Amino acid sequence: MAELNPFKIAQAQLDEAAEILGLDNGTRNLLRWPMRELVVHIPVRMDNGEVKVFEAYRVQYNDARGPTKGGLRFHPAETVDTVRALAAWMTWKTSVVDIPLGGGKGGVVCNPKEMSEGELERLARAYMRAIAHFIGPDIDVPAPDVYTTPQIMAWMADEYSVMRGYNVPGIITGKPLPVGGSLGRHDATARGGIFTVRESAKLLGIDLKSATYAIQGFGNAGQYAATLYKELLGGGKLIAVSDSRGGVFNRDGMDPAKLVEHKLSTGRVENFTNSEPISNEKLLELDVDILFPSALENAITDKNVGNVKAKVICELANGPTTPEADKVLYEKGLFVIPDFLANAGGVTVSYFEQVQNNTNFYWPIDEVYTKLDEKMTRAFHAVYEMHKSKKVNMRVAAYLVSISRVAEAMKLRGWV
Ligand code: GLU
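Residues numbered from 1 in each chain as written. Predicted model: local features only at pLDDT ≥ 70, side-chain atom pairs only at ≥ 80, totals over all residues. Heavy atoms only, no water.

Q: Describe the side chain of Asp326, naming the residues involved and giving the relevant values.
A: When you line up the elements, Asp326 lands in helix α10 (residues 323-331). A relative accessible area of 8% means that Asp326 is categorised as buried. Excluding its chain neighbours within four sequence positions, the residues that come into contact with Asp326 are Thr321, Asn393 and Arg395. (Helix = DSSP H or I, 4+ residues; strand = E, 2+ residues; numbered from the N terminus. Buried < 20%, exposed > 50% of the residue type's maximum accessible area, 1.4 Å probe, protein only. Contact = heavy atoms within 4.5 Å.)

Okay, structure coming up:
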């Protein structure tokens, strides 16, 4: 279905904002497409001795505000259009939190769940060799995303450093601490999202200590959202969680830390003590105060949006709501913290990691947390003020804030 192509969705969202901002055609057309794209086919020797060829991408969407930045996905359903959409959203993400970077994204079509550690390492290194001439600390800097880990970042940083002949930690972020990672990067996406929930609740008059919440998707962002909600917001009741295999539900609440432990030891959330099963679909329709879509694109669509009831939807995933569904959420008066604002904490601490790598001076954890809070809180309120003053939904407001900054940089540079 054309309307569920994430890149078409990203372009439609851009068009709507460009219309409101009255952007000229040159600016609009440049922002509708990635500036540069690389497609590679990489051979990897598998454990059975055969060579398998993987298709992979790196897209540099726009670098008007600084070097492109964005994660790298290992996923069987990856397509060039998904990577383009994600690269566009990275451009708006770095702009909305006002860090001096552009947007990019990468992807490898593969199923890491079916690969051995050795195969994953060979794939990670081969991908880095294939794109090394296209990226660089001052050009384009990858990071983790769906199914890529700090260990994968470490292999890639090593491969690049071997090619250059010296250590280049700034080539990639989300690295483990001993090889130039930043304190606070591991839970930064969720932490940033929780800060935006805190700010929303103040404005909407929601008592977060007694509020209920549900999480769809239990990867890095979802797991840390579960535990950080309790830690930073002082309570709350986690009533449902799901991953790609299924979900668990308990109206009286579940212990977030124990759920994470269960997921890490069994590889799934199913069969958690004192819980009943719930499907991903039903979870999204629960009557909860805060819903965290934290999995993949197109979770809330025209098919289920009529039944969505959460008061606040904090989009930790990229692109979880389709444009049709967005309109309905707005009409229903549900409050959406849009993806590229809600999940901007990850790239914000990635930026801090780059700064630390480039200066070779590392910050204490409190400095990371304080600076992250400042960035997220300021970005949230800039978007909220736009939402109020222009009477548009929060997503369009976030687009207006971000795109006007990118457009201004392009104009100042004389591109348009
Ligand atoms: N993959 C994350 C995102 O979608 C982080 C990107 C980064 O740290 O550069 O925002």
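Structure's up, so let's keep going.
Q: Provide a residue-level description of the packing of helix α3 (residues 80-96) against helix α14 (residues 394-412), including the pertinent values.
A: Relative orientation of the contacting elements α3 and α14 amounts to 90°, with a least axis distance of 8 Å. Classed by the angle they form, the pair α3 and α14 counts as roughly perpendicular. Residues Trp89, Thr91, Trp92, Ser95 and Val96 of α3 form the contact with α14, whose own contacting residues are Ala398, Tyr399, Val401, Ser402, Ile403, Arg405 and Val406. Looking at the contact of α3 with α14 residue by residue, the class counts come to eight nonpolar, three polar and one charged. (Axes fitted to C-alpha atoms, helices over the stretch in contact; angles between N-to-C directions. Parallel < 35°, antiparallel > 145°, perpendicular 65-115°, else oblique. Nonpolar A, V, L, I, M, F, W, Y, C, P; charged D, E, K, R; others polar.)

Q: Break down helix α8 (residues 256-266) for me, citing the residues and quoting the values.
A: Taken together, the buried positions of α8 are occupied by Pro256, Leu259, Val260, His262 and Lys263. Buried residues along α8 cover an arc of 160° about the axis, so they all sit on one side. Away from its buried face, by an angle of more than 90 degrees, α8 presents the exposed residues Glu261, Leu264 and Ser265. As for α8, its buried residues are in contact with β7 (212-216), α7 (220-233), β8 (237-243) and β9 (246-254). Capping the start of α8, Asp255 holds a side-chain oxygen 3.0 Å from the backbone nitrogen of Ala257, two or three residues further along. Of the residues flanking the end of α8, it is Gly267, one or two places downstream, whose phi is positive at about 85°. (Arc of directions from axis to C-beta. Polar contact = N/O pair within 3.5 Å; in protein donor to acceptor, adjacent residues only side chain to side chain.)

Q: Could you give an account of the site of the ligand, naming the residues involved and the relevant values?
A: Lys69, Lys93, Pro144, Asp145 and Ser350 are the nearest of the 14 residues found near the ligand. Contacts to the ligand include Lys93, whose side-chain N or O atom sits 2.7 Å from an oxygen atom. At 2.5 Å from an oxygen atom of the ligand is found a side-chain nitrogen or oxygen belonging to Ser350. Mapped by element, the contributors of at least two residues to the shell around the ligand are α3 and α12 (345-359). (Near = heavy atom within 4 Å.)

Q: Give a detailed account of the sheet that holds β9, specifying residues and quantitative values.
A: Note on sheets: strands pair through backbone hydrogen bonds, and any given pair is parallel or antiparallel. The strand order across the open sheet formed by seven strands is β10-β9-β8-β7-β11-β12-β13, and the pairing between neighbours is mixed. Among the strands making up the open sheet, the edge pair consists of β10 (276-278) and β13 (335-337). Averaged over all neighbouring strand pairs, the angle between strand axes comes to 20°, with direction disregarded. Summarising the sheet, β8 and β9 pair through five bridges and their orientation is antiparallel. Bridged to Asp243 within β9 is Gly246. (Pairing = 2+ DSSP bridges.)

Q: Report on the sheet that holds strand β5 (residues 103-108), specifying residues and quantitative values.
A: Spatially, the four strands line up as an open sheet ordered β1-β2-β5-β4, and their pairing is mixed. On the outer flanks of this sheet lie β1 (36-45) and β4 (72-74), each paired with one strand and no other. With direction set aside, neighbouring strand axes in the sheet form an average angle of 15°. The pairing of β1 with strand β2 (residues 51-62) spans ten bridges and is classified as antiparallel. By the bridge assignment, His41 is partnered in β2 with Glu55. Strand contacts of helix α4 (residues 117-131): β1, β2, β4 and β5, with the helix running at about 140° to β1, the strand carrying the most contacts.

Q: Tell me what's going on with unusual backbone geometry, and back it up with residues and numbers.
A: The phi angle at Asn274 is positive, at roughly 55°, despite the residue not being glycine. A residue is classified by how much of its surface remains accessible, and Asn274, at 69% relative accessible area, is exposed. Unusually for a residue other than glycine, Asn360 sits at a positive phi of about 55°. Judged by relative accessible area, Asn360 falls into the exposed class, the value being 62%.

Q: Quick one: what's the story with the nonpolar core, residue by residue and with numbers?
A: Side chains of nonpolar character tend, in soluble globular proteins, to be buried together. The biggest cluster of nonpolar side chains holds 85 residues, and the ones touching the most others in it are Trp92, Leu208, Ile215, Tyr229, Leu259 and Phe292. Sort the elements by how many residues they give to this core and α14 lands first, with twelve residues. Dropping the residues within four chain positions of it, Phe292 is found in contact with Ile194, Val197, Tyr213, Ala214, Ile215, Gln216, Ala225, Tyr229, Cys314 and Leu316. With 32 residues, the next largest nonpolar core counts Met46, Phe134, Ile171 and Ile172 among its residues. (Core = buried A, V, L, I, M, F, W, Y, C linked by side-chain atoms within 4.5 Å.)

Q: Any chance you could break down the environment of Val368 for me, citing the residues and the numbers?
A: Secondary-structure assignment places Val368 in helix α13 (residues 365-390). The spacing of Val368 and Gly184 is 184 residues in sequence and 6.5 Å in space, taken between C-alpha atoms. The residues touching Val368, leaving out its near neighbours within four places in the chain, are Ser182, Leu183, Gly184, Val349, Phe352 and Trp363.

Q: Can you break down α12 residue by residue, with the values?
A: In an α-helix, one full turn covers 3.6 residues, which means residues spaced three or four apart are oriented alike. Compared with the 21 Å implied by 1.5 Å per residue over 15 residues, the 21 Å span of α12 between its first and last C-alpha is a close match. When you tally the buried positions in α12, you get eleven out of 15 residues, the bulk of the element. All of the buried residues along α12 are Gly345, Gly346, Val347, Thr348, Val349, Ser350, Phe352, Glu353, Gln354, Gln356 and Asn357. Elements in contact with the buried residues of α12: β3 (68-69), α3, β6 (140-141), α6 (188-204) and α13. At the C-terminal side of α12, Asn360 shows a positive phi close to 55°. (Expected span 1.5 Å × (residues − 1).)

Q: Give me the lowdown on the pairing of β8, citing residues and values where you can.
A: In terms of residue burial, β8 counts as a mostly covered element, since six of its seven residues are buried. Where β7 meets β8, five bridges bridge the pair, whose relative direction is parallel. Each bridged residue has a counterpart across the sheet, and for Thr212 the counterpart in β8 is Lys237. Read as a crossover between parallel neighbours, the route from β7 over α7 to β8 is right-handed. Two successive antiparallel strands, β8 and β9, enclose a turn made up of two residues. (Right-handed = clockwise from strand over helix to strand, strands pointing away.)

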